[in-house]
Amino acid sequence: MQIAIGADHAGLPLKELLRPWLESAGHQVIDLGAHQLDPDDDYPDFAAAVGRSVQSGQAERGIICCGSGIGASITANKLAGVRAGICHDTYSGHQGVEHDDMNVICLGARIIGLDLSKEIVSAFLAANFIPEPRFQRRLDKLIKVESEG
C-alpha cells in the first residue's frame, strides 16, 4: 500500500520508528517530514502535506504523528475527501475505516508508545470500508456536509 507519513517535532521519534517498520512490511512510504528535530516546526504543515497526498491519490492512506494527535486531526479534516481520526486503540483503528471510510490516522506520540502504535496502524491498514447501506448512507451525508462547506 502507498502510505504518506508525516510528523512534527513531537511525533518525529515515533514516525522515524514506524517508517522502516512499514517498509519492512512491504508498504511504499512517502515520508513528508519532518526530517530533523526542530522544536519550532508546526503540526499543520505536516498534517496538511499528508492530507494533500491522500486527497490527490498519491497515497492510499496517511499517518500523522504529533504530540496528542488532536491538532493533526483538525488540520487534516479541513481538506475535502480527507477523513482523519485520532486513534489510540486498535478498535478505533479498524472501525474508523470500516464504518466511516477513514483514510488518515493521527497518533499522539506523547500518549501511546511504539508497540501499541504498530498494533493500531496494522488494524488501520488491514481494514476496508464496509459498504452496508447504513454506513454508506452516513458517509454520503458526511460528504454532503463537506461539500456544503
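Below: a short report on this structure. (Residues numbered from 1 in each chain as written. Predicted model: local features only at pLDDT ≥ 70, side-chain atom pairs only at ≥ 80, totals over all residues. Heavy atoms only, no water.)

## A look at the pairing of strand E5 (residues 104–108)
Here's step 1: Within E5, five of the five residues are buried, leaving the element largely enclosed by the surrounding structure.
Here's step 2: Side chains of E5 alternate between two faces, with Val104, Cys106 and Gly108 and Ile105 and Leu107 buried alike.
Here's step 3: Both strand E3 (residues 61–66) and E5 contribute to a ladder of five bridges, which runs parallel. In the strand pairing of E5, Cys66 is matched with Gly108.
Here's step 4: Where the polypeptide runs from strand E4 (residues 84–86) across helix H4 (residues 90–100) and back to E5, its parallel neighbour, the crossover connection is right-handed. (Buried < 20%, exposed > 50% of the residue type's maximum accessible area, 1.4 Å probe, protein only. Helix = DSSP H or I, 4+ residues; strand = E, 2+ residues; numbered from the N terminus. Pairing = 2+ DSSP bridges. Right-handed = clockwise from strand over helix to strand, strands pointing away.)

## Points about the environment of Glu98
Here's step 1: If you trace the backbone, Glu98 turns up in helix H4.
Here's step 2: C-alpha separation for the pair Glu98 and Glu132, spaced 34 residues apart in sequence, amounts to 9.7 Å.
Here's step 3: Residues in contact with Glu98, not counting those within four places in the same chain, are Ala127, Asn128, Phe129, Ile130 and Phe135. (Contact = heavy atoms within 4.5 Å.)

## Section: the nonpolar core
Here's step 1: Leu22, Ile63, Cys65, Ile105, Leu107 and Phe124 are the most contacted members of the largest nonpolar core, which has 20 residues in total.
Here's step 2: Counting residues per element, the ones that place at least two in this core are strand E1 (2–7), helix H1 (12–24), E3, E5 and helix H5 (114–126).
Here's step 3: At four residues, the largest contribution of residues to this core is made by H5. (Core = buried A, V, L, I, M, F, W, Y, C linked by side-chain atoms within 4.5 Å.)

Everything listed here is a matter of geometry and, on its own, says nothing about what the molecule does.
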